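Take a look at the letters that make up each chain.
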Amino acid sequence: MRFLHTADWHIGKKLHGYDLLNDQKESINQIIEIAEKEKVEAIVIAGDLYDRAVPAVEAVELLNQKLIEINLEKKFPLLAISGNHDSASRLATGQPWYRLKNFQLHTKMTQAFEPIEFVDTQFFLLPYFEPMDASFYFQEEIRTIQQAFEKVIPEIKKQFDPHKKHVLVTHFFITGSLRTESETTIEVGGLNGLSKELFKDFDYTALGHLHSKNAIRNGKIRYSGSPLKFSLSETNDEKGVFIVDTLTETVDFHPLKPIRDVKVLQASFQELLTPNYYQKLDRTCFWQFELKDRAIIPNMMNQLRSLYPFVLGVQRINGRNESVKLQELQKRSGKPEEMLTSFFEDITGDSLTKSQLKWLQEGIQAANDQEVRD
């Protein structure tokens, strides 16, 4: 059979404070288009549907809308598990009637022992779980996730139909995989890492948790990666989904095109403000700038954001010119509020928020009142 492997949607996640809901909606739309074009027989989501255990209302609305479209309107069987970012108990709320519509959502370790049957393939959906869950089930002390899997995998294999292919869907870190900056590290009480050998008897292991498709290079064991870039460490990472064919034993990558890419650019401040320069750039992207300048640049972030609405941050590749900075500070004069506001902008590259400005004004007033009393 043919199925689509995706994971780590992280609906509701923000990128340096910027809302990604529209970006996430578009990425899911593209996933649906690929599924239709490739005529897949199921869509697999390997965990972390949400970014938080208690997602915002808007995040819940978006995920519900897209699951309805995938499963009820487009009629794709849907196989999903909870990840470490999800609340297993909250996701499990609708399980009894999901199953009636070919939507299999597993949130408990023990559900992996009940295969999802297709004509030629068995799916075993093993959500993120803690070692104590395995300890409770097997009635023995289990301290690490490696020890837990050494018990869980043989239990799963008892359900193998020798006439079918076997696919495991799970959400953990495989030892030797490459991380990016946007994943939550799972390293509590020795939970860090599973041996690849655990999965050798599966025809394909569809993984979630790491956000790069290149996190592990193994034909039968793969992370799909996240549909969007969630950190600067993923700048050069191509996002997409895998189409897996268990009959031909092929795995093909299909890229996704973001509506706002994440890019890093090295330039001088003057270049970034020059029309002939910035008109050649896609200013709707999320930009991280590496400035060549060493001198202080007053009101830097506000000037940049007037041209680049989604600036993630600014880094000085050569550091600041401390002598110039000192000279500028020595020249400052005027009202305390103006001086402190200007100083804050020079040091941080950003303006005071309304709350910070209010605190500053209250602090100056309190100091003035104390001076009068003295």
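Residues numbered from 1 in each chain as written. Predicted model: local features only at pLDDT ≥ 70, side-chain atom pairs only at ≥ 80, totals over all residues. Heavy atoms only, no water.

Asker: Account for the packing of helix H1 (residues 21-37) against helix H2 (residues 57-73), naming residues and giving values.
Answerer: Two numbers describe a pair of packed helices, the interaxial angle and the distance between the axes. Interhelical geometry of H1 versus H2 gives an angle of 10° and a closest axis separation of 11 Å. The orientation of H1 relative to H2 falls into the category roughly parallel. Residues Leu21, Gln24, Lys25, Ile28, Asn29 and Ile32 of H1 pack against Glu58, Ala59, Leu62, Gln65, Lys66, Glu69 and Ile70 of H2. Class assignment for the residues of the contact of H1 with H2 results in six nonpolar, three polar and four charged. (Axes fitted to C-alpha atoms, helices over the stretch in contact; angles between N-to-C directions. Helix = DSSP H or I, 4+ residues; strand = E, 2+ residues; numbered from the N terminus. Parallel < 35°, antiparallel > 145°, perpendicular 65-115°, else oblique. Contact = heavy atoms within 4.5 Å. Nonpolar A, V, L, I, M, F, W, Y, C, P; charged D, E, K, R; others polar.)

Asker: Kindly report on the sheet that holds strand S9 (residues 165-171), identifying the contributing residues and their values.
Answerer: Strand order across the open sheet formed by five strands is S7-S8-S9-S10-S11, with mixed pairing between neighbours. Strands with a single pairing partner mark the edges of an open sheet, and in this sheet they are strand S7 (116-117) and strand S11 (221-223). Bridging between S7 and strand S8 (residues 121-126) involves two bridges; their strand directions are antiparallel. Directly across from Ile116, in S8, lies its bridge partner Phe123. (Pairing = 2+ DSSP bridges.)

Asker: Now, about the packing of aromatic side chains: what can you tell me, with residues and values included?
Answerer: Within this structure, the stated rule accounts for 21 aromatic pairs. Judged by centre distance (4.6 Å) and plane angle (25°), the ring pair of Tyr98 and Phe103 falls under stacked. Its relative accessible area of 23% is what places Tyr98 among the partly exposed residues. Its relative accessible area of 5% is what places Phe103 among the buried residues. Between Phe149 and Phe199, the ring centres sit 6.0 Å apart and the planes meet at 70°, which makes this aromatic pair edge-to-face. Pair noted here: Phe149 is in helix H6 (residues 145-157) and Phe199 is in the loop between S9 and strand S10 (204-208), with a separation of 50 residues, a long-range link. An aromatic cluster is present here, built from Tyr128, Phe129, Phe149, Phe172 and Phe199 joined pairwise through their rings. Just above the ring of Phe230 sits the side chain of Lys13; from NZ or CZ to the centre is 5.6 Å. (Phe/Tyr/Trp six-rings, centres within 6.5 Å; stacked < 30°, edge-to-face > 60°. Buried < 20%, exposed > 50% of the residue type's maximum accessible area, 1.4 Å probe, protein only. Lys NZ or Arg CZ within 6 Å of the ring centre and 35° of its normal.)

Asker: Talk me through the sheet that holds strand S1 (residues 2-6); I want residue IDs and the actual numbers.
Answerer: Across the sheet, which stays open at both edges, the six strands sit in the order S6-S5-S4-S1-S12-S13 with mixed pairing between neighbours. A single partner strand is all that each edge strand has here, and the edge strands are strand S6 (103-106) and strand S13 (250-255). Recorded for the sheet is a direction-independent mean angle of 20° between the axes of neighbouring strands. On the sheet, H1 packs against S1, strand S4 (42-45), strand S12 (240-245) and S13 and is oriented at approximately 165° with respect to S1. Lying on the sheet, H2 is in contact with S4, strand S5 (78-81) and S6; it crosses S5 at an angle near 140°.

Asker: Residues and numbers for the nonpolar core, please.
Answerer: Ranked by internal contacts, the top residues of the largest apolar core, which has 30 residues, are Phe129, Phe149, Ile156 and Phe199. When residues of this core are traced back to their parent elements, those giving at least two are S8, helix H5 (131-138), H6 and S11. No other element matches H6, which puts six residues into this core. Those residues in contact with Ile156 that sit more than four places away from it in its chain are Ala112, Phe113, Phe124, Leu168 and Phe202. Counting 28 residues, the second largest nonpolar core, distinct from the first, contains Leu4, Val40, Ile70 and Leu91. (Core = buried A, V, L, I, M, F, W, Y, C linked by side-chain atoms within 4.5 Å.)

Asker: Quick rundown of the pattern of salt bridges? Include the residues and the values.
Answerer: Tallying each qualifying case throughout the model produces 16 salt bridges. In this structure, Arg260 engages Asp23 in a salt bridge whose closest nitrogen and oxygen atoms are separated by 2.5 Å. Highlighted residues: Arg260 in the loop between S13 and strand S14 (262-267) and Asp23 in helix H1, separated in sequence by 237 residues. Two residues, Asp261 and Lys229, come together in a salt bridge whose shortest N-O distance is 2.9 Å. With Asp261 in the loop between S13 and S14 and Lys229 in the loop between S11 and S12, this residue pair connects regions lying 32 residues apart in the sequence. When salt bridges with common partners are traced through the structure, they connect Arg2, Glu38 and Asp245 into a single cluster. (Salt bridge = Lys/Arg side-chain N within 4 Å of Asp/Glu carboxyl O.)

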